[in-house]
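Notes for the structure review
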Amino acid sequence: MGGFFGVASKNDCSLDLFFGVDYHSHLGTRRGGIAILDKDGKFLRSIHNIQNSPFRTKFEKDIDEMHGNLGIGCISDFEPQPLLVHSHLGSYAITTVGIVTNKKELEDEILATGHTHFLEMSGGETNQTELIVALINQKDSIPEGIKYVQEKIKGSMSMLIMTEKGIYAARDKLGRTPIQIGKKEGAYCASFENFAYVNLGYTDHHELGPAEIVFMTSDGIEVIQQPGKEMKICTFLWIYYGYPTASYEGVNVESMRYNCGKYLAMRDKGSVTPDAVAGVPDSGTAHAVGYANESGIPFTRPFIKYTPTWPRSFMPTSQDQRNLIAHMKLIPVQPLIKDKKLLLIDDSIVRGTQLRETTDFLYQSGAKEVHIRPACPPLVFGCKYLNFSRSNSEMDLITRRVIKQLEGDNVSDETLQKYCDPDTPEYANMLEEIRKQLHFTSLRFHRLDDMLDSVGIDHCKMCTYCWNGQE
């Protein structure tokens, strides 16, 4: 994933930009970047690797030397950005959030039709944001270029583009990721997470709709392209990615997670009798509080995340390192585990490795039972629209491995749909096999309809592809 933040101010914007970008650190761990237009009209930029230290630490010195009235910045799990561009459209800086799944096709098309090139990153990959620049520069204006990107790419792409006069903010075609505008006296900002500007004195001003394009200056915003009618916002933003204080489409993340826990408890009524309910920190905690409030079963914290040296949500790129760090982060509270029957809520089960280790860890600490209640349905399809995970294959998903085990190599789309339906024998068989492999006492996933009801907006506006394969 990733996040971005932009500021247009009558005063120096550097501190607002610094803290606004920093508040997106939960969305990525690899790189951070900022670009500012200084008073002389020059674009200043700084990009740092933030894998081993927080954004603030790496950018404190830079921000002391970078001053201006316009700025954009990002946290990125992948390519270095923002990029600085000089083209027939003038000079500009650009940062993006999203994924282009037809990248190779577009690269070949661009290379075949024009005299251009792409700089390779280490590993041979093209910088995805550079591809977006190449598409934009095929048109006669930046707004036309943005519209062209929205037409050409498969996947999703939201962006901020800073020119010498202001900042373009463009939400992806189907609104899979958010962009929200905040305002205060003498300044406007554009942000992936709306909570990022609250402590900077901004208030909510406008949430961009799908495919909407606005031009932002210190005086306000001008709508360049009206929002489209169809939206498919990523439901996983509420389940996992989003910070608890963030809101999308008017729905707060923490409130939605409480609702998830409530619906899980309503489905579970009378089926299990645990001594306590707990959440896998941090994203599972609110789901667990909602379950506890609805069920009347006490909420406890049988393990605590060690935050002084492991404060961030995401993990290194190596799966082995991620598994080790996930284990190292959690410190047991022995009296709350020994001889207890625990019901544990995590945001999801992807590979299953970490949750199996957590469950075994609870048994080793003396737990009598460990009942697992994921806050979303089984993940059966790999995401095609966002950088949802670092998995290279759908077979990384425990559901797909179990389905292959039960069905063999040739699994049709029709068969997969049976495993997505919680009322079929296939679904029940899959759950029982996952339960056995991961050593749970019992397992019940959140139902898709209950999860969508937990959000509270029209179901047709939410993307559910990873759970049911429906586009």
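Residue positions are given per chain, counting from 1 as you read along its sequence in written order. Where totals are concerned, whole chains, interfaces and linings use all residues; where local detail is concerned, this predicted model gives features only for residues with pLDDT of at least 70, and gives and counts side-chain atom pairs only at 80 or more. Only hydrogens and water are removed before side-chain values are computed, so all heavy atoms of the structure are retained for them.

Examining the sheet that holds strand β7 (residues 155-162)
Short version of the rule: Two strands pair if DSSP finds at least two bridges between them. Secondary structure counts use DSSP, requiring at least four H or I residues in a row for a helix and at least two E residues in a row for a strand, with both numbered from the N terminus. Between the N-to-C directions of two axes lies an angle of 0 to 180 degrees, each axis being a line fitted to C-alpha atoms and, for a helix, fitted only over the stretch in contact. Any two residues having at least one pair of non-hydrogen atoms within 4.5 Å are treated as being in contact.
Strand order in the open sheet made by the 6 strands is β5-β6-β7-β8-β12-β13, with antiparallel pairing throughout. Bordering the open sheet on either side are β5 (83-87) and β13 (220-225), each of which pairs with just one other strand. Taken pair by pair, the neighbouring strands of this sheet meet at an average axis angle of 30°, ignoring direction. Those strands touched by helix α5 (residues 142-152) are β6 (90-100), β7, β8 (167-170), β12 (213-217) and β13, and its axis lies near 165° from that of β7.

Here we look at the pairing of β12
The line we're drawing: Here's how the labels work: a residue is buried when its accessible area is under 20% of the maximum for its type, exposed when over 50%, partly exposed in between, all with a 1.4 Å probe on protein chains only.
Extensive coverage of β12 is indicated by the burial of 4 of its 5 residues. As paired strands, β8 and β12 are joined by 4 bridges and run antiparallel to one another. Note that in β12 the partner of Tyr168 across the bridge is Phe215.

Comments concerning the pairing of strand β20 (residues 341-345)
One face of the sheet, then the other: side chains in a regular strand alternate in exactly this way. Definition in use: Clockwise travel from the first strand over the helix to the second, with the strands pointing away from the viewer, marks a crossover as right-handed.
Most of β20 is tucked away: 4 of the 5 residues are buried. Where β20 and strand β21 (residues 369-372) come together, 4 bridges link them in parallel fashion. Note that in β21 the partner of Leu343 across the bridge is His371. Following the chain from β20 across helix α10 (residues 353-364) to the adjacent parallel β21, one finds a crossover that is right-handed.

So, the sheet that holds β21
Taken together, the 4 strands give an open sheet; going across it, the order is β17-β20-β21-β22, and neighbouring strands pair in parallel fashion. Each having just a single partner strand, β17 (276-279) and β22 (442-443) make up the two edges of the open sheet. Together, β17 and β20 form the strand contacts of helix α8 (residues 283-295), whose direction differs from that of β17 by roughly 155°. On top of the sheet, α10 reaches β20 and β21; it is set at about 155° to β21, its chief contact.

Side note on the side chain of Glu433
Relative to the helices and strands, Glu433 is located in helix α13 (residues 425-438). Sequence-distant contacts of Glu433, that is, excluding residues within four places in its chain, are made with Val402 and Gln405.

Looking at the pattern of salt bridges
Formally: The salt bridge criterion pairs a side-chain nitrogen of Lys or Arg with a carboxyl oxygen of Asp or Glu, the two atoms within 4 Å.
Counted by the stated rule, this structure contains 18 salt bridges. Between Glu249 and Arg171 there is a salt bridge, with the nearest N and O atoms lying 3.0 Å from each other. Here Arg171 lies in the loop between β8 and β9 (180-184) and Glu249 lies in the loop between β15 (247-248) and β16 (251-252), a separation of 78 residues in the sequence. Arg447 is the partner of Asp423 in a salt bridge, and the nearest nitrogen-oxygen pair spans 3.3 Å. Of this pair, Asp423 sits in the loop between α12 (413-420) and α13 while Arg447 sits in the loop between β22 and α14 (448-455); the two residues are 24 residues apart in sequence, bridging distant segments of the chain. Take Asp423: its relative accessible area is 59%, and that puts it in the exposed class. In the salt-bridge network here, residues are joined through shared partners; they are Asp268, Arg373 and Arg444.

Topic: empty space enclosed by the protein
Convention followed: Buriedness for pockets is judged along seven lines, at least five of which must meet protein on both sides within 12 Å for an open set on the 1 Å grid over protein atoms alone, while cavities are sets there where a 1.4 Å probe fits but cannot get out, and lining residues have an atom within 4 Å of a point. Grid points are joined across faces, edges and corners, and a volume is the space filled by probe spheres set on the points. Charged means Asp, Glu, Lys or Arg here, nonpolar means Ala, Val, Leu, Ile, Met, Phe, Trp, Tyr, Cys or Pro, and polar covers whatever is left, Gly included.
One pass over the full model with this rule turns up 2 cavities of 30 Å³ or more. Roughly 130 Å³ of volume is contained in the largest cavity. Lining the largest cavity are 14 residues, with Cys234, Cys383, Leu386, Cys463 and Cys466 positioned closest to its centre. Those elements that provide at least two residues to the lining of the largest cavity are β14 (233-234), α6 (236-241) and α15 (465-468). A total of 3 residues in the lining of the largest cavity trace back to one element, the largest contributor, which is α15. Taken together, the residues of the lining of the largest cavity break down into 12 nonpolar, no polar and 2 charged.

Digging into the packing of aromatic side chains
Selection rule: Paired rings are identified among Phe, Tyr and Trp, the last through its six-membered ring, by centres lying within 6.5 Å, and are further divided according to the angle between planes into stacked (under 30 degrees), edge-to-face (over 60) and tilted (the rest). Two conditions define a charge sitting above a ring: the NZ of Lys or the CZ of Arg must be within 6 Å of the ring centre, and it must be within 35 degrees of the ring normal.
This model, assessed by the stated rule, comprises 15 aromatic pairs. With a centroid separation of 5.5 Å and an interplanar angle of 70°, the aromatic rings of Tyr23 and Phe195 are classed as edge-to-face. Taken together, the residues span a long stretch of sequence, with Tyr23 in the loop between α1 (14-22) and β2 (31-37) and Phe195 in the loop between β10 (187-191) and β11 (203-207) at a distance of 172 residues. A residue is classified by how much of its surface remains accessible, and Tyr23, at 30% relative accessible area, is partly exposed. Following the ring pairs from residue to residue traces out a cluster consisting of Phe18, Phe19, Phe55 and Phe59. Residue placement shows Arg400 over the ring face of Phe381; its charged tip is 5.6 Å from the ring centre.

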